[in-house]
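Results of the structural survey
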Amino acid sequence: MPLRGVEPTRTVAPWTSTEVATFAPPDRYRVGRLLGRGGMGEVWQVHDRVLEREVALKVCLRDAAAAAERFAREARITARLQHPGVLALYDLGHLEDGRPWYTMRLVPHGRTLRAVWAGQPDPRARVRPLLAVASVLACAHRLGIRHLDVKLDNVLLGSFGEVLLLDWGVAQDGEQRPGVAGTPGYAAPEQAQAPTTRCDVYALGVLLYEAVVGHRFVERSHGPVPESLERLWHRCLAEPETRPPAEEVAVELESWLDDVARRQRAEAHVAQADALAPRVDELRAEAARLANEIEGRNLRAMGVVSGMQAAITSDLWRDRGAMLRLMRAVSESNPDYGVFQIGRAHV
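All right, on to the nonpolar core then. In terms of nonpolar packing, the biggest core is built from 54 residues, with V127, W168 and L208 touching the most fellow members. If you list the elements that add at least two residues to this core, you get helix 2 (113-118), helix 3 (123-142), strand 8 (155-157), strand 9 (163-165), helix 4 (197-213), helix 5 (227-236) and helix 6 (246-313). With 12 residues, helix 4 is the largest single contributor of residues to this core. Dropping the residues within four chain positions of it, V127 is found in contact with L208, A211, V212, L229, L253, W256 and L257.

Helical geometry: 3.6 residues make up each α-helical turn, so side chains three or four residues apart lie on a common side. If you check helix 4, its first and last C-alpha atoms are 25 Å apart, about what 17 residues at 1.5 Å a residue would give, namely 24 Å. Burial analysis of helix 4 places 15 of its 17 residues in the buried class, which makes it a mostly covered element. G214 sits one or two residues past helix 4 and shows a positive phi near 95 degrees.

Attention shifts here to the sheet that holds strand 8. One open sheet holds the three strands; their spatial order is 6-8-9, and the pairing between them is antiparallel. Of all the strands in the sheet, just strand 6 (111-112) and strand 9 have a single pairing partner and so form its edges. As paired strands, strand 6 and strand 8 are joined by two bridges and run antiparallel to one another. Bridging from a neighbouring strand, T112 pairs with L156 of strand 8. Strands strand 8 and strand 9 of the sheet are contacted by helix 3, whose axis makes an angle of about 45 degrees with strand 9.

Further remarks concern helix 5. All buried positions along helix 5 are accounted for by L229, L232, W233 and C236. Looking straight down helix 5, one finds that the buried residues subtend no more than 95 degrees of arc, so they occupy a single side. Of the exposed residues in helix 5, those oriented more than 90 degrees away from the buried face are E227 and R231.

Criteria and cut-off values
Residues numbered from 1 in each chain as written. Predicted model: local features only at pLDDT ≥ 70, side-chain atom pairs only at ≥ 80, totals over all residues. Heavy atoms only, no water. Core = buried A, V, L, I, M, F, W, Y, C linked by side-chain atoms within 4.5 Å. Buried < 20%, exposed > 50% of the residue type's maximum accessible area, 1.4 Å probe, protein only. Helix = DSSP H or I, 4+ residues; strand = E, 2+ residues; numbered from the N terminus. Contact = heavy atoms within 4.5 Å. Expected span 1.5 Å × (residues − 1). Pairing = 2+ DSSP bridges. Axes fitted to C-alpha atoms, helices over the stretch in contact; angles between N-to-C directions. Arc of directions from axis to C-beta.

Geometric values such as these leave the question of function open.
Here's what the structure looks like:
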């Protein structure tokens, strides 16, 4: 379900024939279509002539030294993050005008988390990608890297189920540099002055709230929700020093998802058993009928044996023909017992 009060943002510009690259990359790359444009750069689909594959090329829009340094820092930070949830960088260079560029893995059919949530009402399916986001942040935080712009439009889901945390353009490593405001609604209150790893945890808490409740965090109202998740997002949104690390958030999300999966499997087994209940009743009735039938046959057999014993102890056994007629009559009335054949062998 879409988040109430949020207008969808366009993160990938529509490509038309008028979208022509204004830069010339190295001969190795043939420029294709425009994939997206942001405040600092453009992303184009290009063909790598050497490896014969499609990749994404990001180029800095401005040639100012500060912009180029920020762009290079983004490339350096992204390259350090050896994690499945971060796009792999392939190449880095400068255009003839001095602007930096780099190539990275192309995700041709990816959808932002905002787009995925718009058609997904199941809280479990909405929460699952956040486990991957928390894992990426835990990896980054161990390296001293802060993303500082975690939000719906910076989480991309690929066609193979992969979850990617994008846009490390304002990320920091090493010494804190104040002044990173982030995105309103997701940025921690203290981020502009103290951009620490706990700011990313705050943004993760906002995403968790929106995943479970279904509307923007600024509304701060909701109906019944899973208590464990509510406790978790409250911890993420608390004062910086009390927020859990991203790795702990990942562990708790995984635990909740596992619990839900086990509960769903149990409910499926119960439903299957309920569906089989009428058949079980039918089988029980059939078993009772067969038991009664067997008991009746046993009683008849006992009567046959008693009759034979009585005939043998009487004078009737001396008349062989009479005995055979008796056994034939008994055998025909009780064919399961083969009385006639057995008795004939002894007369």
